[in-house]
Amino acid sequence: MMQRISKTFQIENISEFKFQLLQWSQQFETALWLDSNSYFHKHSSFDAVLALGINSKIETSYNQAFGKLKKYQTNVNDYIFGYLSYDLKNDVENLESNNFDGLNFPDLFFFQPKKVFKIKGNTLEVKYLLKFKNEIEKDFEEINSIQKNDLDTPSTENIKIKLRILKDEYYNKIESVLNHIHRGDIYEANFCQEFYSENSTINPVKVYNNLNKISKPPFATFLKFSNNYLLSASPERYIKKEGNQVISQPIKGTQKRALTEEEDELLIKELEQNPKERAENIMIVDLVRNDLSRLAKKGTVKVDELCKVYTFEQVHQLISTISCEVNESTHPVDIIENTFPMGSMTGAPKISAMKIIEELEETKRGLYSGAVGYFTPDGNFDFNVIIRSILYNASNKYISYSVGGAITAQSIPEKEYEECLLKAKAMKQVLLNTK
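Source: prediction; values computed, not measured. (Residues numbered from 1 in each chain as written. Predicted model: local features only at pLDDT ≥ 70, side-chain atom pairs only at ≥ 80, totals over all residues. Heavy atoms only, no water.)

Digging into the packing of helix H2 (residues 65–76) against helix H9 (residues 332–339)
How two helices sit against one another is set out by the angle between their axes and by the gap between those axes.
Logical step 1: Taken N-terminus to C-terminus, the directions of H2 and H9 make an angle of 160°; their axes are 9 Å apart at the nearest point. Taken together, the axis directions place H2 and H9 in an arrangement best described as roughly antiparallel. Every pair of crossing elements has a handedness; the one defined by H2 and H9 is right-handed. Each of Phe-66, Leu-69, Lys-70 and Gln-73 in H2 lies in contact with H9, whose residues at this interface are Pro-332, Val-333, Asp-334, Ile-336 and Glu-337. (Axes fitted to C-alpha atoms, helices over the stretch in contact; angles between N-to-C directions. Helix = DSSP H or I, 4+ residues; strand = E, 2+ residues; numbered from the N terminus. Parallel < 35°, antiparallel > 145°, perpendicular 65-115°, else oblique. Left-handed = near helix turned anticlockwise from the far one by under 90°. Contact = heavy atoms within 4.5 Å.)

Quick look at the packing of aromatic side chains
Logical step 1: A complete count under the given rule lists 30 aromatic pairs for this structure.
Logical step 2: Between the aromatic rings of Phe-66 and Phe-340, the centroid separation amounts to 5.9 Å while the plane-to-plane angle is 65°, which identifies the pairing as edge-to-face. Of this pair, Phe-66 sits in helix H2 while Phe-340 sits in the loop between H9 and strand S18 (347–348), and the two are 274 residues apart along the sequence. With respect to class, Phe-66 is no different from Phe-340; both count as buried.
Logical step 3: With 5.5 Å between their ring centres and 70° between their planes, Phe-375 and Phe-383 make a pair best called edge-to-face. Across the pair, Phe-383 and Phe-375 agree in class, each one buried.
Logical step 4: Feature note: the residues Phe-46, Phe-81, Tyr-83, Phe-105, Phe-109, Phe-111, Phe-225 and Tyr-374 constitute an aromatic cluster, connected by ring pairs.
Logical step 5: Taking NZ or CZ as reference, Arg-164 lies 3.8 Å from the ring centre of Tyr-196, over its face.
Logical step 6: For the cation-ring pair, Arg-365 lies above Tyr-86, with the distance from its terminal atom to the ring centre recorded as 4.5 Å. (Phe/Tyr/Trp six-rings, centres within 6.5 Å; stacked < 30°, edge-to-face > 60°. Buried < 20%, exposed > 50% of the residue type's maximum accessible area, 1.4 Å probe, protein only. Lys NZ or Arg CZ within 6 Å of the ring centre and 35° of its normal.)

Remarks on a negative patch on the surface
Logical step 1: A cluster of acidic residues, Glu-261, Glu-262, Glu-263 and Glu-265, forms a negative patch at the surface.
Logical step 2: With respect to the helices and strands, the residue Glu-265 is situated in helix H7 (residues 261–273).
Logical step 3: Its relative accessible area of 41% is what places Glu-265 among the partly exposed residues. (Patch = residues over 30% accessible without salt bridge, like charges linked within 9 Å, V, L, I, M, F, W, Y side chains within 5 Å. Areas by Shrake-Rupley, 256 points an atom, 1.4 Å probe, with all protein chains shown as cover. Salt bridge = Lys/Arg side-chain N within 4 Å of Asp/Glu carboxyl O. Lys, Arg positive; Asp, Glu negative; His and termini not counted. Charge placed at Lys NZ, Arg CZ, Asp CG, Glu CD.)

Some words on the pairing of strand S16 (residues 302–311)
Logical step 1: Bridging between S16 and strand S17 (residues 315–325) involves seven bridges; their strand directions are antiparallel. Across the sheet, residue Lys-302 finds its bridge partner in S17, namely Ser-323.
Logical step 2: If you look at the hairpin formed by S16 and S17, you'll find three residues sitting between the two strands. (Pairing = 2+ DSSP bridges.)

Concerning the pattern of salt bridges
Logical step 1: Here the structure, examined in full by the defined rule, presents 29 salt bridges.
Logical step 2: Between Lys-276 and Glu-416 there is a salt bridge, with the nearest N and O atoms lying 3.1 Å from each other. Of the two residues, Lys-276 sits in helix H8 (residues 275–293) while Glu-416 sits in helix H11 (residues 413–433), which places them 140 residues apart along the sequence.
Logical step 3: Taking relative accessible area as the criterion, Lys-276 reaches 15% and is therefore assigned buried.

Observations regarding the pairing of strand S19 (residues 371–375)
Two faces make up the sheet, and in a regular strand the side chains alternate between them.
Logical step 1: Of all the five residues making up S19, five are buried; the element is thus mostly covered by neighbouring parts of the structure.
Logical step 2: Side chains of S19 alternate between two faces, with Ala-371, Gly-373 and Phe-375 and Val-372 and Tyr-374 buried alike.
Logical step 3: Strand direction decides the pairing type here: strand S4 (residues 80–84) and S19, joined by five bridges, are antiparallel. Bridged to Gly-82 within S19 is Gly-373.
Logical step 4: Here S19 folds back onto strand S20 (residues 381–384) in antiparallel fashion, the turn holding five residues, of which Gly-379 has a positive phi close to 85°.

A word on the nonpolar core
Logical step 1: Judged by nonpolar contacts, the single largest core of 62 residues is most densely connected at Leu-21, Trp-33, Phe-117, Leu-124 and Ile-390.
Logical step 2: Here this core gets seven residues from one element, more than from any other, and that element is H11.
Logical step 3: For Trp-33, the contacting residues outside a window of four places in its chain are Lys-18, Leu-21, Leu-22, Ala-48, Val-49, Leu-50, Ile-119, Tyr-208, Ala-220, Thr-221 and Phe-222.
Logical step 4: One finds Ile-58, Leu-108, Phe-340 and Phe-381 within the second-largest nonpolar core, a separate group that totals 59 residues. (Core = buried A, V, L, I, M, F, W, Y, C linked by side-chain atoms within 4.5 Å.)

Considering a nonpolar patch on the surface
Logical step 1: Taken together, the side chains of Ile-282, Val-303 and Leu-306 make up a nonpolar region of the molecular surface, amounting to roughly 200 Å² of accessible area.
Logical step 2: Relative to the assigned elements, Ile-282 resides in helix H8.

Considering the side chain of Lys-252
Logical step 1: On the secondary structure map, Lys-252 appears in strand S15 (residues 251–256).
Logical step 2: Discounting chain neighbours no more than four positions away, the residues touching Lys-252 are Glu-188, Asn-190, Glu-277, Glu-280, Asn-281, Ile-284, Leu-318, Ser-344 and Ala-406.

As for the side chain of Glu-416
Logical step 1: For Glu-416, a relative accessible area of 3% puts it in the buried group.
Logical step 2: Within the structure, Glu-416 has its side chain in polar contact with the side chain of Ser-411 (distance 3.0 Å).
Logical step 3: Setting aside anything within four residues of it in sequence, one finds Glu-416 in contact with Tyr-170, Lys-276, Gly-405, Ala-406, Ile-407 and Ser-411. (Polar contact = N/O pair within 3.5 Å; in protein donor to acceptor, adjacent residues only side chain to side chain.)

Looking at the environment of Leu-422
Logical step 1: Topologically, Leu-422 is positioned in helix H11.
Logical step 2: For Leu-422 and Gly-53, which are 369 residues apart along the polypeptide, the C-alpha to C-alpha distance reads 36 Å.
Logical step 3: When neighbours within four sequence positions are excluded, Leu-422 is seen to be in contact with Thr-254, Gln-255, Lys-256 and Val-315.

Re the environment of Trp-33
Logical step 1: Among the structural elements, Trp-33 can be located in strand S2 (residues 31–35).
Logical step 2: On the basis of relative accessible area, Trp-33 is assigned to the buried category, the value being 2%.
Logical step 3: Measuring from C-alpha to C-alpha, the distance between Trp-33 and Lys-224 comes to 9.1 Å, with 191 residues separating the pair along the chain.
Logical step 4: A polar side-chain atom of Trp-33 sits 3.4 Å from a polar atom in the side chain of Tyr-208.

Details of unusual backbone geometry
Logical step 1: The linkage connecting Phe-340 with the following residue, Pro-341, adopts the cis geometry, with an omega of -10°.
Logical step 2: With respect to the secondary-structure elements, Pro-341 resides in the loop between H9 and S18.
Logical step 3: Note that the residue after Ala-348, namely Pro-349, is joined by a cis bond; omega there is -15°.
Logical step 4: In this fold, Pro-349 is placed in the loop between S18 and helix H10 (350–360).
Logical step 5: Of note in the backbone geometry, Asn-104 takes a positive phi value of approximately 55° without being a glycine.
Logical step 6: Within the secondary structure layout, Asn-104 lies in the loop between helix H3 (89–92) and strand S5 (108–120).
Logical step 7: Even without being glycine, Asn-158 reaches a positive phi, approximately 60°.

What follows is the structure, encoded as structure tokens:
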């Protein structure tokens, strides 16, 4: 195991320190920041974590990606951080991705960081590889000296948001999905559409900070590597392993927020009892149970929470929690490979849904609807679902964000379109109105 030196610091003003830390991290070519925004979650291991600098890395196309990741994770035997793009589906099943890709991110990217910063409450714990131990104090001083006004540059330039699928075409495509459902090919599909801007530049940290401020999600992510950026306000956990326990928490079911508390309460009740939204969620719960049962100890797969309403800044969501136990000998990467891509972003049955999605969508999903997270040296892991996210390739000045929804037999195309716009609201707002 790669040796790390650990040191703790007490932080007085944690929100200011988080701002300084992210700002300071921009001097590194590779940085991954995960922030729970102090959202109360009984399954969280820390409030925020930052991984910086590359000691070693793996970057690959989907071809045999899980096998390569398994080998890398086993050999490094240390913290590794990174992402799995949706298109790793082609490694798991006999599928392909032929749609337009304006971003050109690699299909899989993980790195072993030189420096790790973990925040829990008011405590900062740093874990540096031994060869960088002399930099701890200097780094800490530098971080603390960063001023708020260091962010005076404009946040966006030349943003003109276009739709990859126009409204009428969207309705036609939803009708095609419904035809597949009525024919019995599938009973649910997650259909997504892309919004994009070309020849545009953004200040990634500024846009991320603004997106995070208006969404305050429990799985916020800022990733930069080789001029590629992910700015994510994800509310959804994909999968987490701690010891022998694995949990998955799919989100399916969305309701807007109201202006008053009374109205909000009514909307929560409405969502809780909405048969269409519950059906969407329960279909995915069945799929996740099925995925987990492939590697779980017999009889340990259970539904801990079914269709529970969680409230976020922009929306209410129905979330279910499914858990299981695995044998100690089960490789962590195998657990992910057996459940990927997450059911909430595909549909059911999973393979048929993925084929229909590929045929009807216009954009290669890439990192959108993939997952970002980390493995620990003892084989635990935690990954989110990349939704409510802005993706930016600074080299070719391409900005993209996608949104989607679950289409079931009860879906009304106009309502699905409205739900997409509701989910896209925060991303659009920060790209167009950021001061």
